[in-house]
Amino acid sequence: MTNLTIEIDSIIDLTDEQFFQLCQINKEIRFERNAKGDLIIVPLMGGETGIINAEISGNLGMWNRETKLGICFSSSLGCQLPNGAVRSPSCSWIPIEKWNNLTPEQREKFLPFCPDFLVELMSPDDSLSDTREKMKEYLENGMKLGWLINRKSQQVEIYRAGKKVEILDSPETLSGKDILPGFILDMTKIW
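Residues numbered from 1 in each chain as written. Predicted model: local features only at pLDDT ≥ 70, side-chain atom pairs only at ≥ 80, totals over all residues. Heavy atoms only, no water.

1. Considering the pattern of salt bridges
Taken as a whole and judged by the stated rule, the model has 13 salt bridges. Glu32 is the partner of Arg87 in a salt bridge, and the nearest nitrogen-oxygen pair spans 3.0 Å. Of this pair, Arg87 sits in strand E6 (residues 86-87) while Glu32 is found in strand E2 (residues 30-33), placing the two residues 55 residues apart along the sequence. Exposure remark for Arg87: the relative accessible area of 9% places this residue in the buried category. When its relative accessible area of 1% is taken as the criterion, Glu32 is described as buried. Ionic pairing is found between Glu48 and Arg151, a salt bridge with its closest N-O pair at 3.8 Å. Of the two residues, Glu48 is situated in helix H2 (residues 47-67) and Arg151 in the loop between strand E9 (145-150) and strand E10 (155-160); the sequence distance between them amounts to 103 residues. Here Glu48 falls in the exposed class, since its relative accessible area comes to 55%. Linked through salt bridges whose partners overlap, the residues forming this network are Glu32, Arg87, Glu120, Lys134 and Glu137. (Salt bridge = Lys/Arg side-chain N within 4 Å of Asp/Glu carboxyl O. Helix = DSSP H or I, 4+ residues; strand = E, 2+ residues; numbered from the N terminus. Buried < 20%, exposed > 50% of the residue type's maximum accessible area, 1.4 Å probe, protein only.)

Here's what the structure looks like:
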C-alpha cells in the first residue's frame, strides 16, 4: 500500500500544535504533513522492511554509543522542516550540540529542524519518484547526508549538501564520511 495524501489545506488550517496533538491521539497511524499542509498517511512497514530498518538503526545506534557524537532517532520521529512539512525518516541522527541546544519542551515535540543525517528505506510499494522528492526536500531544508536505500533495485542514492546525487549499484558498504566519522554500514545484511 502506498502513502495516502489527504488534501485539507483549503478546508482546515491545521496549526503545528494541532497536528502534533492529532499524531499523539492517533499513535497507531503514522502521519506526515507536506509543505502545503496536506496530511499524508504512511503505511506501517512489513516484516522484511521492519527487520532491515532495525538493522540500519541498530548499527547507527551502536556507532553513536561508541562515539557519543550525537543523538539517533527511529522511524517514529517527527521532524518539523523549515518549509513547514513534518516528515518521519526511517532513521536519523543529529550532532549532540543540536540536541543540547533544544529546550525541554522542544525535546518533547517534533524536532524543529531537519536531521543532519537520515536514511529513507523504501518499502516494496513505495514510489521511487515520491521518495526522491522527499530526499530533495530534506536537502533543501538542512540535511547534510542522506541515503535512499532501494532494496528492490539494490541501489543506494547518496544525497550530500552541495553535491550531485550519487547512485551506487549493490554497494557492499556505505560510509558516513565526515558527517558520521567512522560509521560504516555493512550492506550485505541489507540486500
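Back to the text.
2. Side note on the packing of aromatic side chains
Counted under the stated rule, the structure contains seven aromatic pairs. A centroid spacing of 5.0 Å and a plane angle of 80 degrees characterise the contact between Phe20 and Phe110, whose relative ring orientation is edge-to-face. Of the two residues, Phe20 is situated in helix H1 (residues 16-25) and Phe110 in the loop between helix H4 (104-108) and strand E8 (117-121); the sequence distance between them amounts to 90 residues. For the pair Phe20 and Phe110, a shared accessibility class is recorded, and that class is buried. Ring geometry for Trp147 and Phe183: centres 6.0 Å apart, planes at 15 degrees, overall stacked. On the criterion of sequence distance, the pair formed by Trp147 in strand E9 and Phe183 in the loop between strand E12 (173-175) and strand E13 (184-186) is long-range, its members being 36 residues apart. For the pair Trp147 and Phe183, a shared accessibility class is recorded, and that class is buried. These aromatic residues form a ring-pair network of at least three members: Trp63, Trp93, Phe117, Trp147 and Phe183. (Phe/Tyr/Trp six-rings, centres within 6.5 Å; stacked < 30°, edge-to-face > 60°.)

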